[in-house]
Amino acid sequence: MSDKGAMTLAAVDAGEFRQAMGHFPTGVAVVASGAGASTEALTVNSVTSVSLDPPLVSVCLRPGSRVLRRIAGRQEFTVNFLAAHQRPLSALFASRARPVGRQAQAQLGDLVGAGGSVLVHGAPAVLECTVHTLAEGGDHVIVLGRVEALHLDGGAEPDPLVFHRGRYTRLAPYADAVGPGAVALADPVTTPGR
């Protein structure tokens, strides 16, 4: 049986998919597991809040990556959200030649959380997590972590490090971002999806 109105979808080109996803700005974080000689850390931007009760967060990592092996073995990790001034740290831990072990811990600030993994010094927010689930997700592994502790920098709120369209960028206050001819909302929405 044939449906004359049905369309055949073409395969999605990986490069175009990456370009499309680049239109969605993300924050930047360093995921770390272990401390001292066993420290592994990696820059990521695939972090998502999943649930408030229980508090769950997801991070997507390449199968076989050193940090994923460390997380799977230790069953715990930290997610360290970076501020704009921490861009060099982001670039360092995005590199294939990123430091490991004690050198990585020193670069990240020499702080260790109660769960036993490195915390990034000066990060505006840090989540200490235990592994809830590891699941295959295409060419990545989805690490679902239960947030066991969190740390918020009580000082001045720095600008977040933001990644958009393949490069770092900054946020602008909404009033500054609205150009000529823009329609202002009578009751601005402050929370996406609500």
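Being a predicted model, the structure only gives us computed values, none of them experimental.

J.: Please explain the sheet that holds strand β12 (residues 167–169) as it appears in this structure.
T.: Strand pairing in a sheet relies on backbone hydrogen bonds, with the paired strands running either antiparallel or parallel. A sheet is described by the order of its strands in space; here 3 strands give the open sequence β1-β11-β12, paired in antiparallel fashion. Only two strands of the sheet have a single neighbouring strand rather than two, namely β1 (26–27) and β12. As judged from the 2 bridges shared by β1 and strand β11 (residues 162–164), these two strands associate in the antiparallel manner. Each bridged residue has a counterpart across the sheet, and for G27 the counterpart in β11 is V162.

J.: It is not clear to me how the packing of aromatic side chains should be interpreted in this structure. Could you clarify?
T.: Both the distance between ring centres and the angle between the ring planes are used here to describe each pair of aromatic rings. Considering all chains together, one arrives at 1 aromatic pair under this definition. Taking 5.6 Å as the distance between ring centres and 75 degrees as the angle between the ring planes, the aromatic pair formed by F163 and Y168 counts as edge-to-face. Exposure remark for F163: the relative accessible area of 27% places this residue in the partly exposed category. Relative accessible area serves as the criterion here: at 23%, Y168 is assigned to the partly exposed category.

J.: Any chance you could explain the packing of helix α3 (residues 87–94) against helix α4 (residues 101–108) here in plain terms?
T.: Helix packing geometry: the angle between the two helix axes and the distance between the axes. It is at 11 Å that the axes of α3 and α4 come closest, and there the two elements cross at 160 degrees. Taken together, the axes of α3 and α4 lie roughly antiparallel to each other. Seen along the crossing, α3 lies across α4 with a hand that is left-handed. In contact with L89, L92 and F93 of α3, α4 contributes A104, Q107 and L108. Of the residues that constitute the contact of α3 with α4, the class distribution is 5 nonpolar, 1 polar and no charged.

J.: Would you mind going over the confidence of the model for the protein with me for this structure?
T.: Caution applies to low-pLDDT regions: their predicted coordinates should not be interpreted in detail. Taken as a whole, the protein shows an average pLDDT of 87; of its residues, 85% reach a score of 70 or greater. Across residues 185–194, where pLDDT falls below 50, the model places 1 contact with residues more than four positions away in sequence or in other chains.

J.: What is the right way to look at the environment of S33 in this model?
T.: Following the sequence through the fold, S33 ends up in strand β2 (residues 29–33). Judged by its relative accessible area of 0%, S33 falls in the buried class. The sequence separation of S33 and C129 amounts to 96 residues, and the corresponding C-alpha distance is 9.8 Å. When neighbours within four sequence positions are excluded, S33 is seen to be in contact with S38, T39, E40, R70, I71, R74, E76, F77 and S117.

J.: Help me understand the sheet that holds strand β10 (residues 140–152), please; the structure alone is not making it clear to me.
T.: Strand order across the open sheet formed by 7 strands is β3-β2-β6-β9-β10-β5-β4, with antiparallel pairing between neighbours. Two strands close off the open sheet at either side, each with one partner strand: β3 (40–44) and β4 (47–52). With direction set aside, neighbouring strand axes in the sheet form an average angle of 30 degrees. Looking at chain direction, strand β9 (residues 125–137) and β10 are connected through 12 bridges and run antiparallel. Each residue of the ladder has a partner; that of L134, found in β10, is V143. Sheet contacts for α3: β2 and β3; angle to β3, the most-contacted strand, approximately 115 degrees.

J.: Could you clarify how one ought to interpret the side chain of S90 in this entry?
T.: Relative to the helices and strands, S90 resides in helix α3. A relative accessible area of 0% means that S90 is categorised as buried. Every residue in contact with S90, bar those within four places of it in the chain, is listed here: V28, T43, L82, L161 and Y168.

Thresholds, definitions, all that
- Residues numbered from 1 in each chain as written.
- Predicted model: local features only at pLDDT ≥ 70, side-chain atom pairs only at ≥ 80, totals over all residues.
- Heavy atoms only, no water.
- Pairing = 2+ DSSP bridges.
- Helix = DSSP H or I, 4+ residues; strand = E, 2+ residues; numbered from the N terminus.
- Phe/Tyr/Trp six-rings, centres within 6.5 Å; stacked < 30°, edge-to-face > 60°.
- Buried < 20%, exposed > 50% of the residue type's maximum accessible area, 1.4 Å probe, protein only.
- Axes fitted to C-alpha atoms, helices over the stretch in contact; angles between N-to-C directions.
- Parallel < 35°, antiparallel > 145°, perpendicular 65-115°, else oblique.
- Left-handed = near helix turned anticlockwise from the far one by under 90°.
- Contact = heavy atoms within 4.5 Å.
- Nonpolar A, V, L, I, M, F, W, Y, C, P; charged D, E, K, R; others polar.
- pLDDT = per-residue confidence, 0-100.

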